[in-house]
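A closer look at the structure
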Amino acid sequence: MRIARFAVGDEVGFGLVETDSDNGGEYVARLNGHPLLGDIQVTGERAKLADVRLLSPVLPTKVVCIGKNYADHVAEMQDITGEATDEPVVFLKPSTAVAGPVDPIFHPSVSERVDFEGELAIVISRPCREVPRERAADVIFGYTVANDVTARDLQKKDKQWTRAKGFDSFCPIGPWITTGLSIEEAQDLAVTTTVDGEIRQSGRTSQFIHDIPGMISYVTSFMTLLPGDVLLTGTPAGVGPVRVGQEVSVTVERLGTISNRVVARD
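To keep things clear, this report deals only with the structure shown in the data block. (Residues numbered from 1 in each chain as written. Predicted model: local features only at pLDDT ≥ 70, side-chain atom pairs only at ≥ 80, totals over all residues. Heavy atoms only, no water.)

The next subject is the pattern of salt bridges. For the structure on display, the rule yields 21 salt bridges. We note a salt bridge from Asp229 to Lys62, for which the minimum N-O separation is 2.7 Å. Note that Asp229 is positioned in the loop between α6 (212–219) and β17 (230–232) and Lys62 in the loop between β5 (53–55) and β6 (63–67), a separation of 167 residues in sequence. On the basis of relative accessibility, which here comes to 16%, the residue Lys62 falls in the buried class. Residue Arg133 pairs with Asp211 through a salt bridge whose shortest N-O separation is 2.8 Å. In this pair, Arg133 sits in the loop between β11 (118–124) and β12 (140–147) while Asp211 sits in the loop between β16 (198–204) and α6, placing the two residues 78 residues apart along the sequence. On the basis of relative accessibility, which here comes to 43%, the residue Arg133 falls in the partly exposed class. (Salt bridge = Lys/Arg side-chain N within 4 Å of Asp/Glu carboxyl O. Helix = DSSP H or I, 4+ residues; strand = E, 2+ residues; numbered from the N terminus. Buried < 20%, exposed > 50% of the residue type's maximum accessible area, 1.4 Å probe, protein only.)

With that settled, consider the packing of aromatic side chains. Within this structure, the stated rule accounts for four aromatic pairs. Ring centres of Phe91 and Trp161 lie 5.0 Å apart, and the angle between their planes is 70°; on these two criteria the pair is classed as edge-to-face. With Phe91 in strand β7 (residues 89–93) and Trp161 in the loop between α3 (152–158) and α4 (162–166), the pair connects residues that are 70 residues apart, well separated along the chain. Summarising the burial analysis for this pair, Phe91 and Trp161 share the class buried. (Phe/Tyr/Trp six-rings, centres within 6.5 Å; stacked < 30°, edge-to-face > 60°.)

What follows is the structure, encoded as structure tokens:
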């Protein structure tokens with residue numbers, strides 16, 4: 001299933017994204033209830049996908065990020081983030097950084113270089129701690145697409161990553177949550193980032209240094225994850241800056257595309 005969170009006028013709700021071959025195009029079938037809390041029902045109401053505004057498909061309490069998870073990205077960022085490590089590098093983005101799949105990315109005036117980082121994201125299904133590798137699939141609700149936007153100059157200046165990663169709008173997520181993929185399928189997906197239509201990143205999740213069960217097991221060894229929390233899995237090589245006025249799009253195979261224009265903050 002593809003589960004979206006969307007707005008029509010002042011109303012916000014969840015819906016299933018469906019392809020209607022008879023009537024042409026894609027539709028959103030409205031749901032009653034919250035997908036992460038269970039007991040959802042299709043209401044019978046639906047709207048054309050083009051007529052609704054897609055929002056971030058989930059509102060996490062926290063976004064947990066894995067850094068330095070592709071060897072080629074580690075090599076290109078060595079002067080800022082250093083060598084690869086035996087254990088995953090973990091950092092957080094605040095919930096206020098989360099934005100929707102078409103929302104603007106605000107370029108802060110204090111930064112001279114804002115970079116894109118296209119990533120596969122995991123949505124957590126239940127409260128979990130100390131999850132063994134073999135139980136990782138039990139706590140995954142589904143997968144989505146994310147952009148770990150980073151003020152690169154501030155990351156280098158601060159020597160730690162909170163400010164550089166934490167600005168409002170620095171974590172676009174969407175366009176929906178895709179359920180039903182196995183971990184094996186999720187670990188062999190293409191990740192592509194374009195800026196104004198030009199390909200800048202092209203990798204595959206099969207290049208992970210730390211696999212999905214390992215990431216979940218490691219993070220939950222010291223932190224409780226809650227339903228709707230989002231785990232970003234790292235970015236492939238090719239990260240680079242975006243300027244005000246440019247549009248950055250991240251596509252993960254089988255999951256969809258998010259496209260966000262960079263604007264100046266008033």
